[in-house]
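For reference, the chains in residue letters:
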Amino acid sequence: MNRKCIFCEIIKGNQKADFVYEDEDVLVIRDVFPQAPIHLLVIPKEHIPSASQVNDPYIWAKLMNNATIVARDLGLDKDGYRLVVNCGSMACQTVPHLHIHLLAGRQFHWPPG
Ligand code: DGP
């Protein structure tokens, strides 16, 4: 846990969030600044600053598995959804706690820009 990390504060229950799913390793919440009609954040409970600092492949397995299960449970797989990981400043990562964005409910484009 990192005291100054907003996601750690949410995980500890010190900061409010709209919870969608939780287990012993992972939390899924709604993003406060949604970029799509559905915008969820899939977050490991362990404080890992970014994708480049993941040492245990189990973390990715848990996060991706939960992201796709939540998407299926919400019926998002019908029309499709996007999973995004921003890593570092050039990729616009703003919260230094690993997370996967799960975006759905509108048409996305490629390349993303
Ligand atoms: P990124 O830029 O990839 O680091 O994404 C961070 C996301 O976290 C961004 O879309 C906004 C969201 N966010 C920031 N602060 C909070 C918060 O306090 N609560 C929630 N639910 N989301 C937050």
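Let me sum up the structure you'll find in this document.

Before going further, it helps to examine the environment of glutamine 53. Locating glutamine 53 in the fold gives a position in the loop between strand E3 (38-44) and helix H2 (57-73). With 45 residues separating them along the chain, glutamine 53 and leucine 98 place their C-alpha atoms 8.7 Å apart.

Our next topic: the environment of asparagine 86. Mapped onto the elements of the fold, asparagine 86 is located in the loop between strand E4 (81-84) and strand E5 (100-104). The spatial distance from the C-alpha of asparagine 86 to the C-alpha of isoleucine 10 is 20 Å, given a sequence separation of 76 residues. Setting aside residues no more than four positions away along its own chain, asparagine 86 makes contact with Ala91, Cys92, Gln93 and His101.

Another point: the state of the cysteines. Tallied over the full model, the rule gives zero disulfides. Left without a disulfide partner, cysteine 5 is nearest to the cysteine sulfur of cysteine 8, which lies 3.9 Å away. No disulfide involves cysteine 87; its sulfur sits 12 Å from that of cysteine 92, the nearest cysteine. For cysteine 87, a relative accessible area of 33% translates into the label partly exposed.

Turning next to the side chain of histidine 101. Along the chain, histidine 101 turns up in strand E5. On the accessibility criterion, histidine 101 (11% relative accessible area) is buried. Engagement of the side chain of histidine 101 in a polar contact is seen with the side chain of histidine 39, the distance being 2.8 Å. For histidine 101, the residues in contact, after removing those within four places along its chain, are Asp31, His39, Leu40, Leu41, Arg82, Leu83, Val84 and Asn86.

Across the junction of tryptophan 110 and proline 111, the peptide omega takes the value 5 degrees, indicating a cis bond. Within the element layout of this structure, proline 111 appears in the segment after E5. The residue cysteine 92 is not glycine, and still its phi comes out positive at about 70 degrees. Mapped onto the elements, cysteine 92 comes out in the loop between E4 and E5. Using a relative accessible area of 56% as the deciding quantity, one classes cysteine 92 as exposed.

Core analysis: the largest hydrophobic core is formed by 17 residues, its most contacted members being Val28, Val42, Ile59, Leu63 and Leu98. Mapped onto this core, the elements with two or more residues apiece are strand E2 (26-30), E3, H2 and E5. Dropping the residues within four chain positions of it, isoleucine 59 is found in contact with Glu46, Ile48, Val54 and Leu98. If you look at the next biggest cluster of nonpolar residues, it comprises 10 residues, including Phe7, Cys8, Leu41 and Ile43.

Rules used throughout
- Residues numbered from 1 in each chain as written.
- Predicted model: local features only at pLDDT ≥ 70, side-chain atom pairs only at ≥ 80, totals over all residues.
- Heavy atoms only, no water.
- Helix = DSSP H or I, 4+ residues; strand = E, 2+ residues; numbered from the N terminus.
- Contact = heavy atoms within 4.5 Å.
- Disulfide = S-S within 2.5 Å.
- Buried < 20%, exposed > 50% of the residue type's maximum accessible area, 1.4 Å probe, protein only.
- Polar contact = N/O pair within 3.5 Å; in protein donor to acceptor, adjacent residues only side chain to side chain.
- Core = buried A, V, L, I, M, F, W, Y, C linked by side-chain atoms within 4.5 Å.

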